[in-house]
Amino acid sequence: MTRVARRVLIRGVVQGVGFRPLVFRAAAKFDIRGWVCNGAAGVEIHAEGRQADLEAFLQRLRERPPPAARIAEFVVKSTLCRDYPNFQILASQAGADPSVRISPDLAVCEHCLQELRDPGNRRFGYPYINCTNCGPRYSIIRGLPYDRARTTLADWTLCAQCRQEYSDPLDRRYHAQPIGCFDCGPTYELLVGAQRIGDVAAALKRTAELLNAGAIVAIKGIGGYHLACDARNASAVNSLRTRKFRKEKPFAVMVRTLDEARRIAALTPAHMALLGGVGRPIVLAPRQFDLPGVAPDSDHFGVMLPYTPLHELLFDAGAPTASVLTSANRSNEPIAYRDDDARQRLAGIADAFLIGQRPIARRVDDAVATVRLGKPLAVRRGRGDAPGAVCQLPTEQSILALGSDLKNSLALVVRGQVFVSQQIGDLDDAEAETAFKETVDDLLAMYELRPERLVIAHDLHPQFRSTRFALSLPCTARVAVQHHEAHLASVLAEHGLFEQTVVGVAFDGTGYGRDGAIWGGEFFVGGLPSGFQRAAWLRPVLIPGGDAAARFPVQAAAGYLADCTDLPDLHAAPFDFPPRFAAALSMVRREVRCFRTTSMGRLFDAVAALLGFTREVSFEGQAAIWLESQARKSAPQQPYPLENLDHRPLLQAVIRDRLNGRPIAEIAAAVHAGIGRATAATAQKLCTQRRLKQVVLSGGVFQNEILFADVHRQLTERGLQVLSNSVVPVNDGGISLGQAAMAGCTPSALP
Ligand code: ZN
Ligand code: ZN
Ligand code: FE
């Protein structure tokens with residue numbers, strides 16, 4: 001019987017997801033000889049057998065890969081028969097072509113959960129149970145290829161039983177790198193006051209009691225510590241806010257089951273698929289139950305399901321079925337992930353510490369996602385999706401894109417694959433800036449890249465910390481990318497539009513413009529091959545005071561209203577503006593310490609101020625979120641005028657209606673409708689003029705569901721195709737992808 005041979009290379013997320021044992025079992029089934037190994041480029045297979053068996057074998061691998069694998073490429077070539085006597089799994093090779101994808105951390109699987117709850121199983125109640133199909137990955141990897149010796153578990157020597165499972169290709173824990181058990185692996189302990197509870201079951205029981213009694217407990221998770229408290233206990237939630245210096249920003253809630261999630265939030269099938277998916281992000285959904293203090297001023301909740309065995313055990317031990325679980329840090333600092341650091345930084349916040357012994361290699365916050373028009377939309381990349389590849393660019397050049405200073409994320413392009421990091425934070429925080437530099441080193445080390453070989457892409461803003469860092473790196477070339485063009489390029493890259501010319505709408509709070517002004521209400525025509533031309537923009541105004549302008553809606557209002565005539569006394573009812581407004585207005589009139597801007601984000605702030613949001617915001621975007629939730633309470637309203645993107649008639653209408661006592665919700669709805677109508681009309685006009693059919697929407701303002709849906713509907717009804725982000729956020733978390741795309745695909749962007 002003639003045997004033939006094939007060489008197979010499978011690229012994508014294929015390591016650390018149980019691929020080799022699956023290949024081994026398939027080989028046994030179809031009488032295939034040869035070998036499989038984790039090469040530097042992906043899973044490599046040499047397979048010999050009868051023609052028909054070989055085809056069946058390859059078909060099996062293509063059609064039923066392991067659940068957590070994502071195949072990007074499956075290349076089969078003929079090769080010579082070597083007459084192997086059997087099929088073997090060869091040891092991993094370290095190699096020169098490090099484009100293998102690193103798997104994100106995976107939620108605990110059903111099979112492991114059954115064992116976790118089976119009193120007869122030797123891992124009954126073991127908080128770190130995992131297998132080839134589940135468990136941590138990115139958060140424990142210290143180097144590639146992915147092998148136990150290069151993870152944070154290297155110091156735990158496997159016991160005889162674990163070693164047996166780890167070495168048996170037919171076992172479901174074959175080469176599960178983080179494997180362990182009570183005899184040989186790490187475990188959890190609880191520190192409460194001077195007391196230390198080392199027995200896991202007792203520690204979990206006590207933790208649940210503490211939470212039920214209203215305490216705040218720091219709990220070590222996958223990519224860092226969380227702070228937990230009972231979400232139904234308003235005083236616990238409030239003291240968490242006070243201790244964490246987090247006044248109003250919504251907290252995420254972990255619920256025990258999907259049913260519990262549906263009790264507190266309105267979930268569509270798309271929400272439920274996201275919630276229960278292998279990435280287990282925090283999912284934003286309309287709330288339908290009040291948990292006082294959890295998400296003030298927002299009509300949405302962020303909910304998530306348990307994703308580690310520890311979370312499951314905590315609920316089993318009686319922890320509150322809806323628990324606040326928020327990143328352990330003080331407001332705006334990055335999440336704490338090292339044990340000693342956590343205990344120091346959280347000393348005044350947490351009443352107790354549930355500490356796991358498994359070290360975390362890098363900090364990764366939970367990912368946040370939502371659903372838009374029935375499809376997932378990333379809000380923050382993190383644990384569960386980072387550092388996954390988001391798309392492919394037609395370039396061989398290695399590129400590092402440093403992102404924006406707010407909501408910073410990094411993008412690394414290796415052989416055309418774009419890997420986007422977890423969101424790191426706002427770089428004006430010193431700790432976040434350190435984390436940013438660590439993540440750069442980390443990604444480059446993992447892919448064995450040296451800065452000298454890279455093109456570095458960064459924001460055009462000369463004062464950005466990321467820009468200054470870019471200038472300090474040795475590299476092949478540097479590309480400065482305009483902020484809003486990067487927003488639009490991120491959408492084109494996601495959709496693989498490398499040739500098209502489109503109309504782009506980029507609305508956000510701030511971005512450094514090509515003319516040195518601060519942009520944020522921009523229309524462009526262009527695309528990746530040619531770059532973008534700015535085609536229309538919101539009427540510019542002067543806004544006083546640098547960063548404070550984004551914190552005080554009345555300050556933004558001063559900028560926009562200084563432009564209007566016949567202003568009433570805004571310090572009187574119904575406006576009741578604080579004195580800050582008069583000071584700001586006089587600065588604008590004297591043109592002192594002002595910046596010129598076309599910011600749509602600040603226009604939303606100005607309207608929010610006129611409708612009653614006159615205090616300082618305590619997190620970015622808060623006033624706009626408040627305004628949107630007001631609008632949602634109203635029936636549809638006639639749009640206010642915003643002809644030629646001139647905001648004055650719109651603001652005058654707001655003031656008039658407010659003085660006439662029109663309900664705030666109606667005014668908010670008419671503002672949304674006015675901005676939506678003008679946006680769609682301007683985009684459509686540009687499409688007609690330039691004979692274009694596609695409109696791209698991006699930028700943080702498009703997190704506004706009402707505005708996005710309205711513009712989308714109007715443009716679609718006129719026969720245009722509307723495109724926006726999905727795998728990266730529309731906010732500045734998506735900037736790094738756009739920078740990478742322009743550095744890789746826009747020749748005119750290169751110096
Ligand atoms: Zn498992
Ligand atoms: Zn063991
Ligand atoms: Fe932006």
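As a reminder, the structure under discussion sits directly above these lines.
Chemist: So what exactly am I meant to see when it comes to the overall build of the protein chain here?
Modeler: Of the regular secondary structure elements, the protein chain holds 22 helices and 29 strands. With respect to the three principal axes, the spread of C-alpha positions in the protein chain is 90 × 60 × 45 Å. In the protein chain, buried positions account for 61% of the 751 residues. Within the protein chain, counting contacts between residues at least 6 apart in sequence, those at least 24 apart form 71% of the total. Accessible area of the protein chain: about 28100 Å², with a carbon and sulfur share of 50%. Computed over 86 positive and 76 negative side-chain charges, the separation of the two mean positions in the protein chain equals 2 Å.

Chemist: Even after reading the chapter, I still don't get the side chain of Arg-358, so can you show me in this structure?
Modeler: With respect to the helices and strands, Arg-358 occurs in the loop between strand E14 (352-356) and strand E15 (368-372). This buried residue, Arg-358, is left without a salt bridge; Asp-105 holds the nearest opposite charge, at 6.9 Å. For Arg-358, the residues in contact, after removing those within four places along its chain, are Tyr-128, Pro-136, Ile-140, Thr-152, Leu-153, Trp-156, Pro-186, Lys-220 and Ile-222.

Chemist: How do you make sense of the coordination of the iron ion (ligand 3) when you look at a structure like this?
Modeler: Reference values for angles at a metal are 109.5 degrees in the four-donor tetrahedral case and 90 or 180 degrees in the six-donor octahedral case. Coordination of the iron ion (ligand 3) by the protein involves His-483 (NE2), His-487 (NE2), Asp-508 (OD) and Asp-732 (OD), with metal-donor separations of 2.1 to 2.3 Å. Angles of 90 to 168° at the metal separate the four donor atoms of the iron ion (ligand 3), which places the site in the irregular class. Mapping the donors of the iron ion (ligand 3) onto the primary sequence yields the spacing H-x3-H-x20-D-x223-D. Of the two residues, His-483 sits in helix H13 (residues 483-494) while Asp-508 sits in strand E23 (residues 502-512), which places them 25 residues apart along the sequence. Across the pair, Asp-508 and His-483 agree in class, each one buried.

Chemist: Where do I start with the coordination of the zinc ion (ligand 2) in this structure?
Modeler: For the zinc ion (ligand 2), the full set of protein donor atoms is Cys-159 (SG), Cys-162 (SG), Cys-181 (SG) and Cys-184 (SG), and the range of their distances to it is 2.2 to 2.4 Å. Here the zinc ion (ligand 2) is ringed by four donor atoms whose angles at the metal span 106 to 115°, and the overall shape comes out tetrahedral. Positions of the donor residues of the zinc ion (ligand 2), expressed as sequence spacing, correspond to C-x2-C-x18-C-x2-C. Here Cys-159, found in the loop between helix H3 (110-116) and helix H4 (160-167), pairs with Cys-181, found in the loop between H4 and strand E6 (188-192); they are 22 residues apart in sequence, far enough to count as distant. By relative accessible area, which is 16% here, Cys-159 ends up buried. In this structure Cys-181 comes out as buried when scored by relative accessible area, which is 1%.

Chemist: Even after reading the chapter, I still don't get the packing of helix H11 (residues 430-446) against helix H12 (residues 465-472), so can you show me in this structure?
Modeler: A pair of packed helices can be characterised by two numbers: the angle between their axes and the separation between those axes. For the pair H11 and H12, the least separation of the axes is 12 Å and the interaxial angle reads 40°. The pairing of H11 with H12 is recorded here as oblique in orientation. The element H11 and its partner H12 pack so that their crossing is right-handed. Between H11 and H12, the contacting residues are Glu-433, Phe-436, Lys-437 and Val-440 on the first element and Arg-465, Ser-466 and Phe-469 on the second. When its residues are assigned to classes, the contact of H11 with H12 shows three nonpolar, one polar and three charged.

Chemist: Whenever I open this one, the sheet that holds E15 confuses me. Can you help?
Modeler: Within a beta sheet, neighbouring strands are joined by backbone hydrogen bonds and run either parallel or antiparallel to one another. Within the open sheet, the eleven strands sit side by side as E7-E6-E14-E8-E9-E13-E10-E12-E11-E15-E16. Their pairing is mixed. Bordering the open sheet on either side are strand E7 (195-197) and strand E16 (375-380), each of which pairs with just one other strand. Averaged over all pairs of adjacent strands, the angle between strand axes in this sheet comes to 30°, irrespective of strand direction. The pairing of strand E10 (residues 252-255) with strand E12 (residues 300-304) spans three bridges and is parallel. Note that in E12 the partner of Ala-252 across the bridge is Gly-302.

Rules behind the numbers
Every residue gets a number counted from 1 within its own chain, in the order that chain's sequence is written. Throughout, the order in which chains and ligands are written sets their labels, letters from A for the former and numbers from 1 for the latter. Only residues with pLDDT of at least 70 are given local features in this predicted model, and only at 80 or more are side-chain atom pairs given and counted; all residues enter the totals for whole chains, interfaces and linings. Values shown for side chains rest on all heavy atoms present in the structure; no hydrogens or waters enter the calculation. Under the scheme used here, helices are H or I runs from DSSP no shorter than 4 residues and strands are E runs no shorter than 2 residues, and both carry numbers assigned from the N terminus. Think of it in three bands: with a 1.4 Å probe and only protein chains considered, a residue is buried below 20% of the maximum accessible area for its type, exposed above 50%, and partly exposed in between. Residue contacts are counted whenever heavy atoms from the two residues lie within 4.5 Å of one another. The protein chains shown are the only cover counted for residues, whose accessible areas, like all others here, come from Shrake-Rupley with a 1.4 Å probe. We score Asp and Glu as negative and Lys and Arg as positive, and we do not count His or the chain ends. We put the charge of a Lys on NZ, of an Arg on CZ, of an Asp on CG and of a Glu on CD. Put simply, a salt bridge is a Lys or Arg side-chain nitrogen that is within 4 Å of an Asp or Glu carboxyl oxygen. Water is not part of the atom set, so a site may look incomplete; the donors themselves are N, O and S atoms within 2.8 Å of the metal, or 3.2 Å for Na, K and Ca. Every geometry call rests on angle ranges, with four donors termed tetrahedral when all angles are between 85 and 135 degrees, four termed square planar and six termed octahedral when opposite donors are over 155 degrees apart and all others are between 65 and 115, and everything else termed irregular. Fitting a line to C-alpha atoms yields each axis, with helices limited to the stretch in contact; the angle taken between N-to-C directions then spans 0 to 180 degrees. What sets the label is the angle itself: under 35 degrees gives roughly parallel, over 145 gives roughly antiparallel, 65 to 115 gives roughly perpendicular, and the rest give oblique. Each helix crossing is assigned a hand: it is left-handed if the near helix lies turned anticlockwise from the far helix by less than a right angle, otherwise right-handed if that turn is clockwise. Polarity classes work like this: nonpolar for Ala, Val, Leu, Ile, Met, Phe, Trp, Tyr, Cys and Pro, charged for Asp, Glu, Lys and Arg, and polar for all others, with Gly in that last group. Two strands pair under a simple rule: DSSP has to find at least two bridges between them.

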